[in-house]
Amino acid sequence: HAADQLYIEVSALGNLDYFYDHMMGCEMAGEELGVRTEYVGPADYDMNAMIAAFEQAIAKKPNGIVVVGFEDTLVPIVNKAVEAGIPVVTVDADLPTSERCCFVGTGNYTAGYTGGKYLAEALGGAGKVALMTKPGQSNLEDRVSGYEAALAEYPDIEIVQIADTQSDSVVAAQAASALLQKFPDLAGIACVEAAGGAGAATAVKEAGKVGEVKIISMDRGEDVLADIESGVITASVAQQTALMPYY
C-alpha cells in the first residue's frame, strides 16, 4: 500500500533558502503519490553529519532514498544502501561512480554558459572578472566550465581568479572583499552557488562599488532577490529546484 511506503531525501546545507525548495518538492511528491516522505541532513556543509543521516535513513528501510551528491565521499554510503536493496537517485549533484540508478538535475554546464553570456553582455564584452565556487562539487565544476567557455568567446574578458566560497555567505563575502582589494579594476563577479551571490553583494556594498562591479548570482534566495531589486546584483541564474526531488 502506498501509505506504507517511505521515501527519504538526504542532503546538507538545509539552512540555505535554496534547499527549502528541495524540501517542498519532496513534500509535494509525497502528497500526490500518497506516500510518506522525510527530508534529513545537517544545516551546514558537514559531510560526516550527512553520512550519519544517511546511515539513519538506511536503518529505517525506506522504499527509496534521494540524495544530493555533493562529493565522492558519499559514494560508499550510496552503494551500501543499494546493496541493502534500497534504490537511490541522486539529485542536483551527481555521483556517477556510485551504484545510484539515475540522476535528476539541472544542465549545469548550460547554466554556467548562460550566466557567462549574460555577464559578458553586462560588461560590454571587456573587463576582468572573478568566479566564485565551492571546489569539488561536480555540479559546480560543470557550471564553472560553462562560464569559462562562454567568457572565452570574448578576447577582452579575462578571468583573473576563481575563489572558494565554502558555500557560506560570510566566507563568500570575505573572499569577494579580498578579490576587490587584489583587483581594484575588477569589473565582474560570477557566482555558481547560492551563498556566493549574497557574499559578493555584501562585499561590493561595503566597498562602495555598487553598479561598478557587475554580479551574476545563482539561484533565488530572498537575499539575492532583494539585491537584484536594489540593483546590487545584475542577475541570477535560477533552477527549477523543487522539480529535482519531485521527479
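Reading the values: the criteria
Residues numbered from 1 in each chain as written. Predicted model: local features only at pLDDT ≥ 70, side-chain atom pairs only at ≥ 80, totals over all residues. Heavy atoms only, no water. Buried < 20%, exposed > 50% of the residue type's maximum accessible area, 1.4 Å probe, protein only. Helix = DSSP H or I, 4+ residues; strand = E, 2+ residues; numbered from the N terminus. Right-handed = clockwise from strand over helix to strand, strands pointing away. Pairing = 2+ DSSP bridges. Polar contact = N/O pair within 3.5 Å; in protein donor to acceptor, adjacent residues only side chain to side chain. Axes fitted to C-alpha atoms, helices over the stretch in contact; angles between N-to-C directions. Contact = heavy atoms within 4.5 Å. Salt bridge = Lys/Arg side-chain N within 4 Å of Asp/Glu carboxyl O.

**Q** Please clarify how the pairing of strand β6 (residues 127–133) should be interpreted in this entry.
**A** Residues in a regular strand point their side chains to alternate faces of the sheet. With 5 of 7 residues buried, β6 is to be regarded as a mostly interior element. In this fold, the crossover linking β6 to strand β7 (residues 157–164) by way of helix α5 (residues 138–151) has right-handed handedness. Both β6 and strand β8 (residues 186–191) contribute to a ladder of 5 bridges, which runs parallel. Across the sheet, the residue bridging to A130 is I189, located in β8.

**Q** Any chance you could explain helix α7 (residues 194–206) here in plain terms?
**A** Each full turn of the α-helix corresponds to 3.6 residues, which orients residues three or four apart in the same direction. A large share of α7 lies buried, amounting to 10 of its 13 residues. Of the positions making up α7, those classed as buried are A194, A195, G196, G197, A198, G199, A200, A201, A203 and V204. Measuring from the side-chain oxygen of the N-cap residue of α7 to the backbone nitrogen of A195 gives 3.2 Å; that N-cap residue is E193. Just downstream of α7, G208 is the residue with a positive phi angle, here 70°.

**Q** Could you clarify how one ought to interpret the sheet that holds strand β5 (residues 102–104) in this entry?
**A** Pairing between the strands of a sheet is mediated by backbone hydrogen bonds and can be parallel or antiparallel. A sheet is described by the order of its strands in space; here 5 strands give the open sequence β2-β1-β3-β4-β5, paired in parallel fashion. Each end of this open sheet is capped by a strand with a single partner; those strands are β2 (36–40) and β5. Across the sheet, the mean angle from the axis of one strand to that of its neighbour is 20°, orientation sign disregarded. Here 4 bridges tie strand β1 (residues 6–10) to strand β3 (residues 64–68), and the two strands are oriented parallel to one another. Bridge pairing in β3 links I8 to I65. The sheet strands contacting helix α1 (residues 17–33) are β1, β2, β3 and β4 (88–91), and the helix crosses β2 at an angle near 165°.

**Q** Mind showing me how you'd approach the environment of Q161 here?
**A** Mapping Q161 onto the fold places it in strand β7. Between the C-alpha atoms of Q161 and I189, which are 28 residues apart in sequence, the distance is 9.9 Å. Dropping the residues within four chain positions of it, Q161 is found in contact with V129, A130, L131, L179, K182 and F183. Engagement of the side chain of Q161 in a polar contact is seen with the side chain of K182, the distance being 3.0 Å.

**Q** Sorry, what's going on with the pattern of salt bridges here?
**A** Two side chains of opposite charge can pair, provided their charged atoms sit close to one another. Summed over the entire model, instances satisfying the criterion amount to 8 salt bridges. Between E55 and K80 there is a salt bridge, with its nearest N and O atoms 2.9 Å apart. Highlighted residues: E55 in helix α2 (residues 47–59) and K80 in helix α3 (residues 75–83), separated in sequence by 25 residues. Using a relative accessible area of 39% as the deciding quantity, one classes K80 as partly exposed.

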